[in-house]
Amino acid sequence: MKVNVHAVNFTVDRKLVDFIEERLGKLEKFYDKVVSSDVFLKVDNTSEKENKIVEVKIHVPGDDFMVKKQCKTFEEAVELSSESLERLLVKRKEKIRTHI
């Protein structure tokens, strides 16, 4: 699966990109037809501590899944996003399996 990481208005370090690629790579265990994913990293300009926003868009044949999480760190947000996507992909796989 191809993972595209887009940092909005800041530069992202290699360690974070590697973490994102590794974590999203695990999604292929749940649904092997994932084509690619786009990850958007944003920092919200508020005084709140939870100002890191991660949007993950997963492309699968015939559908796209989008998950948006806001947390204190990008790693935490990526973790929560991937857990949500795991549930979505498992649900999609089950749905397809019942139609066959």
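Above this note sits the structure.
Residues numbered from 1 in each chain as written. Predicted model: local features only at pLDDT ≥ 70, side-chain atom pairs only at ≥ 80, totals over all residues. Heavy atoms only, no water.

Visitor: Break down the overall build of the protein chain for me, citing the residues and quoting the values.
Guide: When its secondary structure is counted, the protein chain shows 2 helices and 4 strands. When the helices and strands of the protein chain are listed from N to C terminus, the series reads β-α-β-β-β-α. Its C-alpha atoms give the protein chain principal-axis dimensions of roughly 50 × 25 × 20 Å. When the accessible surface of the protein chain is totalled, it reaches about 6300 Å², and 50% of it is carbon and sulfur. (Helix = DSSP H or I, 4+ residues; strand = E, 2+ residues; numbered from the N terminus. Areas by Shrake-Rupley, 256 points an atom, 1.4 Å probe, with all protein chains shown as cover.)

Visitor: Tell me what's going on with the pairing of strand E4 (residues 63-71), and back it up with residues and numbers.
Guide: Inspection of the sheet shows strand E3 (residues 52-60) paired to E4 by 9 bridges, in the antiparallel sense. The residue bridging Ile53 from the neighbouring strand is Gln70, located in E4. The turn joining E3 and E4, which pair antiparallel and follow one another in sequence, is formed by 2 residues; a positive phi near 85° is taken by Gly62. (Pairing = 2+ DSSP bridges.)

Visitor: Requested: an account of the side chain of Ser37, with residues and values cited.
Guide: For Ser37, the location among the structural elements is in strand E2 (residues 36-43). Excluding its chain neighbours within four sequence positions, the residues that come into contact with Ser37 are Met1, Lys2, Val3, Asn4, Leu24, Lys57, Ile58 and His59. (Contact = heavy atoms within 4.5 Å.)

On their own, these measurements won't tell you what the molecule is for.
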